[in-house]
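Coordinates in review
Spelled out, the chains give:
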Amino acid sequence: MIKLSFKTAFRYLWKHKLFTALNIAGLAIGICTCWVILSIVRYEFNFESAIPERENTYRLVTGKMFDNKETIYGGVSAPFYQGVRENVTGVKAVVPVYGQWISSVKVDNGKELIEVEEPEDIIATDSSYFEMVPYKWLAGNARTAFQQPESVVLTQSRANSYFPGLTPGQLIGKTITYEEDAIKTISGIVEDLHFPSEFTAQEILYLQPIAYPLVEWTNTNSSDRLYIIAENDKNPATILKQIQQLSDQKWQDFKQERNPTYEFVRWFSMIPLSEMHFATYVNEWQVKKTSKTVLFGLIGTAIFILFLACINYINLSTAQIPQRGKEIGIRKTLGSNNKSLLMQIFSETIIVVLIGALLSFVLVHFSFLLLSDMIPQDAVNFQFHTNTLLILGGILIATIVSSGAYPAIQMTRVNPIQSIKNGLSQKSGKSRFNVRKGLFIFQYTIAQCFIIGAIIVGQQLKYTIKKDLGFNKDAVLLVDHPFNMTSKAGFVGKQKVLLEELQKLPGVTNLSFSESPLRMGYSSSPYIYTPAEGTDPVSRQLQIKMVDHNYLSFYQMPLVAGKDFVAGDSSKKVILNETAVKEYGISSPEEAVGKTIKRSDELYSIAGVVKDFHQENFYKEIKPLVLMQGDQPRQMFNIKLSSNSEQWPQTIEAIKATWTKFYSEKYFEYRFYDETIEALYKEDQRLSTLINVATFISIFIGCLGLFGLATLTAFQRTKEIGVRKVLGASVSSIVGLLSKDFVKLVIIAIVIASPIAWWAMNKWLEEFIYKVPVTIWTFLMAGGLAIIIAFVTVSVQAVKAAIVNPVNSLRDE
Amino acid sequence: MIKIQQLEKLYRTEEIETLVLNKISFEVKEGEFVAVMGPSGCGKSTLLNIIGLLDDCDGGSFFFNNIDVSKYNERKRSALRKKNIGFVFQSFNLIDELTVYENVELPLIYTKVKASERKERVEEVLQQMQIMHRRNHFPQQLSGGQQQRVAVARAVVNKPKLILADEPTGNLDSNNGNEVMQLLTELNQAGTTVIMVTHSEHDAHFSHKIIRMLDGQIVTENILL
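Residues numbered from 1 in each chain as written. Chains lettered and ligands numbered in written order. Predicted model: local features only at pLDDT ≥ 70, side-chain atom pairs only at ≥ 80, totals over all residues. Heavy atoms only, no water.

1. Quick word on the overall build of chain A
Scanning chain A from terminus to terminus reveals 25 helices and 25 strands. Over its C-alpha atoms, taken along the principal directions, chain A stretches across nearly 100 × 70 × 55 Å. Within chain A, counting contacts between residues at least 6 apart in sequence, those at least 24 apart form 80% of the total. Summed over its atoms, the accessible surface of chain A is roughly 37,800 Å², and 58% of this surface lies on carbon and sulfur atoms. The distance from the centre of the 80 positive side-chain charges to the centre of the 74 negative ones in chain A is 15 Å. (Helix = DSSP H or I, 4+ residues; strand = E, 2+ residues; numbered from the N terminus. Contact = heavy atoms within 4.5 Å. Areas by Shrake-Rupley, 256 points an atom, 1.4 Å probe, with all protein chains shown as cover. Lys, Arg positive; Asp, Glu negative; His and termini not counted. Charge placed at Lys NZ, Arg CZ, Asp CG, Glu CD.)

2. Thoughts on the overall build of chain B
For chain B, the count of helices and strands is 7 helices and 10 strands. In summary, chain B has a C-alpha radius of gyration of 17 Å against a globular reference of 17 Å for 225 residues, a match within 12%. The principal-axis extents of the C-alpha atoms in chain B amount to approximately 50 × 40 × 35 Å. Sequence separation of at least 24 residues holds for 69% of the intrachain contacts in chain B that already meet a minimum separation of 6. Charged side chains of chain B number 26 positive and 29 negative; the gap between the two group centres comes to 8 Å. (Rg over C-alpha atoms; globule rule 2.2 N^0.38 Å.)

3. Details of the interface of chain A and chain B
Counting residues at the interface gives 22 residues for chain A and 25 residues for chain B. In total, chain A and chain B occlude about 2,200 Å² of area from one another, counting both sides; carbon and sulfur atoms represent 60% of this. Viewed at the interface, chain B and chain A are joined by 4 salt bridges. The shortest N-O distance in the salt bridge between E102 of chain B and R11 of chain A comes to 2.3 Å. Where chain A touches chain B, the interface holds 7 residue pairs in polar contact (both at pLDDT 80 or more). Counting residues per element, the ones that place at least two in the side of chain A that touches chain B are α1 (2-15), α10 (321-333) and α13 (416-422) of chain A. Its residues assigned to classes, the side of chain A that touches chain B comprises 7 nonpolar, 7 polar and 8 charged. (Buried area = accessible area lost by both parts, 1.4 Å probe. Salt bridge = Lys/Arg side-chain N within 4 Å of Asp/Glu carboxyl O. Polar contact = N/O pair within 3.5 Å; in protein donor to acceptor, adjacent residues only side chain to side chain. Nonpolar A, V, L, I, M, F, W, Y, C, P; charged D, E, K, R; others polar.)

4. So, helix α24 (residues 776-802) of chain A
Its 27 residues place the ends of α24 of chain A 36 Å apart at the C-alpha level, agreeing with the 39 Å of an ideal helix rising 1.5 Å per residue. The largest bend along α24 of chain A measures about 35° and falls at S795 of chain A. (Expected span 1.5 Å × (residues − 1). Bend = angle between axes of the 7 residues up to and from the residue.)

5. So, the pattern of salt bridges
The final tally for this structure, using the stated rule, is 40 salt bridges over all chains. As a salt-bridge pair, K9 of chain B and D55 of chain B come within 3.3 Å of each other at their nearest N and O atoms. Residue K9 of chain B is located in strand β1 (residues 2-12), and its partner D55 of chain B is located in the loop between α1 (44-51) and β4 (59-64); the two are separated by 46 residues in the primary sequence. For the pair shown, K9 of chain B and D55 of chain B are each scored as buried. Each of R717, E720, R724, D741 and K744 of chain A takes part in a single network of salt bridges with overlapping partners. (Buried < 20%, exposed > 50% of the residue type's maximum accessible area, 1.4 Å probe, protein only.)

6. As for the packing of helix α5 (residues 144-156) of chain B against helix α6 (residues 174-189) of chain B
All names here are of chain B. Where α5 meets α6, the closest approach of the two axes is 9 Å, and the angle between their N-to-C directions is 15°. Judged by the inter-axis angle, α5 sits roughly parallel to α6. By crossing handedness, the relation of α5 to α6 is classed as right-handed. Of the residues in α6, those touching α5 at G145, Q148, R149, V152 and V156 are N176, E179, V180, L183 and L187. In the contact of α5 with α6, the residues fall into 5 nonpolar, 3 polar and 2 charged. (Axes fitted to C-alpha atoms, helices over the stretch in contact; angles between N-to-C directions. Parallel < 35°, antiparallel > 145°, perpendicular 65-115°, else oblique. Left-handed = near helix turned anticlockwise from the far one by under 90°.)

7. So, the confidence of the model for chain A
Residue and element names in this part refer to chain A. Of all residues in chain A, 95% attain a pLDDT of 70 or more, and the chain-wide mean is 87. Taken element by element, chain A is modelled with least confidence in helix α25 (residues 806-812), mean pLDDT 64, and with most confidence in strand β11 (residues 203-206), mean pLDDT 96. In the model, residues 426-432 has pLDDT below 50 throughout and makes 13 contacts with residues more than four positions away in sequence or in other chains. (pLDDT = per-residue confidence, 0-100.)

8. Let's talk about the sheet that holds strand β9 (residues 209-214) of chain B
Residue and element names in this part refer to chain B. Spatially, β6-β7-β8-β3-β9-β10 is the arrangement adopted by the 6 strands of the open sheet, whose pairing is mixed. The sheet terminates laterally at β6 (85-89) and β10 (217-223), the two strands that pair on one side only. Adjacent strand axes in the sheet meet at a mean angle of 15°, parallel and antiparallel pairs treated alike. Alignment of strand β3 (residues 33-37) against strand β8 (residues 193-197), held across 4 bridges, turns out to be parallel. (Pairing = 2+ DSSP bridges.)

9. Side note on α10 of chain A
All names here are of chain A. Counted at 1.5 Å a residue, the expected span for α10 with its 13 residues is 18 Å, and the 17 Å between its end C-alpha atoms agrees. The buried fraction of α10 amounts to 11 of the 13 residues, a majority that puts the element mostly inside the structure. Looking only at α10, the buried set comprises I321, P322, R324, G325, E327, I328, G329, I330, R331, K332 and T333. Backbone geometry just after α10 places G335 at a positive phi near 110°.

10. Structural notes on the packing of α10 of chain A against helix α12 (residues 386-412) of chain A
Residues and elements named next belong to chain A. Between α10 and α12, whose axes approach to 10 Å, the crossing angle comes to 60°. Classified by the angle their axes make, α10 and α12 are oblique. Contacts from I321, R324, I328 and K332 in α10 reach P407, Q410, M411 and T412 in α12. Taken together, the residues that form the contact of α10 with α12 break down as 4 nonpolar, 2 polar and 2 charged.

11. Re the domain arrangement of chain A
What the domain assignment lists for chain A is domain 1 (1-47 + 287-425), domain 2 (54-276), domain 3 (443-463 + 682-813) and domain 4 (476-679). Computed over C-alpha atoms, the centres of domain 1 of chain A and domain 4 of chain A are 59 Å apart. (Domains from an automatic or database assignment.)

12. Observations regarding the sheet that holds strand β16 (residues 508-514) of chain A
Residues and elements named next belong to chain A. Sheet architecture is open: 4 strands sit in the order β16-β24-β15-β25, paired in antiparallel fashion. Both edges of this open sheet fall to β16 and β25 (670-672), since each of them pairs with a single strand only. Adjacent strand axes in the sheet meet at a mean angle of 25° when their direction is disregarded. Pairing of strand β15 (residues 476-480) with strand β24 (residues 636-641) involves 5 bridges; the strand directions are antiparallel. Bridge pairing in β24 links V476 to K640. Against the sheet, helix α15 (residues 494-503) contacts β16 and β24, and its axis sits at roughly 165° relative to β16. On top of the sheet, helix α19 (residues 648-659) reaches β15, β16, β24 and β25; it is set at about 145° to β24, its chief contact.

13. Quick word on the nonpolar core
Formed by 110 residues in total, the largest nonpolar core has its most connected members in F471, Y555 and L627 of chain A. Ranked by residue count, the leading element in this core is helix α2 (residues 17-45) of chain A, at 15 residues. Leave out the neighbours within four places in its chain, and Y555 of chain A touches F471, N472, V476, L478, S516, P517, N638 and Y673 of chain A. In this structure, V104, V113, V125 and V150 of chain B belong to the second largest nonpolar core, which totals 37 residues. (Core = buried A, V, L, I, M, F, W, Y, C linked by side-chain atoms within 4.5 Å.)

14. Remarks on the packing of aromatic side chains
Scanning the model with the defined rule gives 44 aromatic pairs over all chains in all. Pairing F130 of chain A with Y135 of chain A gives two aromatic rings, centres 6.1 Å apart and planes at 65°, and the pair type is edge-to-face. Across the pair, Y135 of chain A and F130 of chain A agree in class, each one buried. Both rings, one in Y527 of chain A and one in Y604 of chain A, keep their centres 6.0 Å apart while their planes meet at 65°; by these two values the pair is edge-to-face. Of this pair, Y527 of chain A sits in strand β17 (residues 523-529) while Y604 of chain A is found in strand β22 (residues 602-610), placing the two residues 77 residues apart along the sequence. Overall, Y527 of chain A belongs to the buried group, its relative accessible area being 0%. Here a set of aromatic residues connected by ring pairs shows up, and it is made of Y129, F130, Y135, W137, F146, F199, Y206 and Y227 of chain A. Positioned above the aromatic ring of W14 of chain A, the side-chain terminus of K17 of chain A is 4.8 Å from the ring centre. The ring of Y72 of chain B carries K76 of chain B above its face, with NZ or CZ at 5.1 Å from the centroid. (Phe/Tyr/Trp six-rings, centres within 6.5 Å; stacked < 30°, edge-to-face > 60°. Lys NZ or Arg CZ within 6 Å of the ring centre and 35° of its normal.)

15. Describing the pairing of β4 of chain B
Residues and elements named next belong to chain B. Of the pairings in the sheet, the one linking β1 to β4 comprises 5 bridges and is antiparallel in character. Along β4, the bridge assignment pairs K3 with F63. Summarising the sheet, β4 and strand β5 (residues 67-68) pair through 2 bridges and their orientation is antiparallel. Across the sheet, the residue bridging to F64 is I67, located in β5. Remark: 2 residues form the turn of the hairpin made by β4 and β5, two consecutive strands paired antiparallel; N65 in that turn has positive phi of roughly 50°.

16. What to know about a negative patch on the surface
All names here are of chain A. Taken together, the side chains of D474, D674, E675 and E678 present a region of like negative charge at the surface. In this fold, E678 is placed in helix α20 (residues 673-679). Given a relative accessible area of 33%, E678 falls into the partly exposed group. (Patch = residues over 30% accessible without salt bridge, like charges linked within 9 Å, V, L, I, M, F, W, Y side chains within 5 Å.)

17. Remarks on the confidence of the model for chain B
All names here are of chain B. Mean pLDDT for chain B: 89, with 100% of residues reaching 70 or above. In the model of chain B, helix α2 (residues 74-84) stands out as the element of lowest mean pLDDT, 83, in contrast to β3, which has the highest, 95. Taken over the whole predicted complex, pTM reads 0.78, whereas the ipTM for its chain interfaces reads 0.76.

The following block contains the structure:
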């Protein structure tokens, strides 16, 4: 019976190739979406999965007030690892993982001298690290690795890049030179971790225990990470309490010793290691984090898209029931019970879903290639992970059940006598509300939400890039000044000579050696303004930008009061922005000119007030700012190119040639300002791509379904169309007749989707301080788009049906 | 075999109620060949559906092998039907997706006959209907006469005690029609009871008894010698 069911199902599906293809295409896309997202989700939730004591392992993080906001930093004060070990009970192990910034590494591997500038993923720790992280040792072992303090342990991949061709055993005893003169001996080689982890260290140095000065207890470095493995029965709160006491004690000691003028508040949290990957609120560099909200959003998107494909299947299958009535009737007459009918329908569903799954396998491959910008690359490894495949299996079963159940139940309800004698009545396109219409509306509601979302996200992104930022960034090239060379012997003042040389190049129209106006990261300090003798001083945290005299004219920033900087002026003059003036309560920019502000003991005179411009992305409001004239490592070469962009490649080559007369070529990294601003919205770009893909998929699946339904309707109404044509109906009136019902449903979907999308998009835009307004036009545009797409899809079939010679369609009856 | 007393059937729509069968009583003995005749809409097909346990009645009683089945639910009717009754329709009603062989095999699958026995019985009946050479063809590849022979084969493969034929020659030319009538006669001679609805006097004369109906009632019952 099963064999026959499948055989019949194959023949049935083959006979109705169009519908089968539509269903398979929709389901393949739906399953592919689920598969890709499942791989991503499996990858993200697999972080630290193989850490043996994961449940008891915590990361200690530091909380501080910054800009009047509670801010959590990923690091701790360096001496804490010793302090916690010595003073805190209930702790099984304390593991310091202190990131090391090293400017250069030299390796002589016998064949060549390898020199790496600023190598990444170097940490300092002690042997407790190897107890926490389960490395597989290829040479050496955890016990002996740090017996000698000048030791280093490498991962296999790093070892291969330094010493190609050598076996792990041969590497023991080889040396690596850090920072010109620190020679470390390789004491162990470990296999790279096979699970996603924040333990990305490639070179593991020994952290020598030292007696830290008291001041170190008050500094926090985000790259100094501390892990605590609690004893089984210990509540983190009791450990935290002791840590807080330790911290407070050290602050008291420091106060006694140094008598500082400021107050210091900090607190701690212990974040479970399993949660660290999702702790996006923790500030730290170079640690990949993922928001759980985003992951749940992705899961939701996957489910919706697969459900859209299931709806297509349900709609097309139930719509075909009238055609199949006779067959079902015969089966029932011959003694088929409901079970065998269900088996027949489910055989078809199983075949369609499985072919869809096979096809999705190919699509998944291409998706990973095409969307490589959006998908974490390691997620590919989770495509065939056992858990992924098990869940995917579950999804396929759920798809089969949810797609097949409703059509199957409908088929068992077919009355055999009626179906054999007269065929089933074809209630297509009439006003009666039914499940199929409901599902269709649901499908288009989702598609419509995506369309509106895509339009608004697109508008906001365009706005972030096109909006006047308060300065002119066109044709501006940024080149970083080699780090720390401003004060390096032999390089002092070189940037000025370089500027003069660059100025001579044709194609360079203007120059400034300054911090660019808008960039991520800034420094800030409290500056005090005293309105009048005897009044209370006003202290405000001001962002600081170090600039040169040409800055305002370079970026075409208008002064609203006072004067610009003068070249070579070494008096302590500053320029504030309008917000700073307001924050200090000064009545007007003119009023501010000539007043002084104070930092520590230094007084600065306000030379002018610049019009507000955006210093950060649109998520942040414009903050009070002070521009200062001077030389700082953060400054960079701002180079304005001529407006003729065809010349740019030659100009850049010329700049590079000039550059190499002063600095090494390897430091020459240029970028266009436009691009750096776009990069600030990388996450939003990703969201935009994601929503565009989701929109495309949902519209595409919706159109597949709509096309199928239109085909069936046209077929089922063949006779009616014939009669109408005989009576004189035009082709356009028939196209209208067939399209009308669908377009009506699409309009209902638009009405339902619009408020939902309006709410969701306002929620998203709330995060931005500067944003596009959400207008009715967006919704009208999205609605119009949906109607046009639906109408075009239906028309293809409607026109075909309308131009058939009525003689043929009537004879067919 | 079949005993019908005071049988009534009503068709209701939202506005009107039509009495399709009006207190009909008759009897069919085992081994009989009965033809039911009458103009379109007189209720003969409805009667056949009720006898075939495809439809239920609204009044009266219906005994099948001395058991009152008029109150049977769908499950019981289905069980009784698939073991005892074979159907032959005017429009053949073969399943397009199944081959000749599979169409004939289908009732045996539903009655859970073992695969080996199924093969034997299907081949036997295909031989008998002289359609064996077409066993792997699909219905659309056959002529009308051949299709009806397959339909008859399918109706008899389960060795039913009763065959119900609804205008079995209605879609056939006279040669093919005669062949089908011959087949039914042979089956009847072999012991199967046959009830046939027909418009054709010619076909009706293959039977033992002609029941004539009009407006839901039996007008005459002629026994042919």
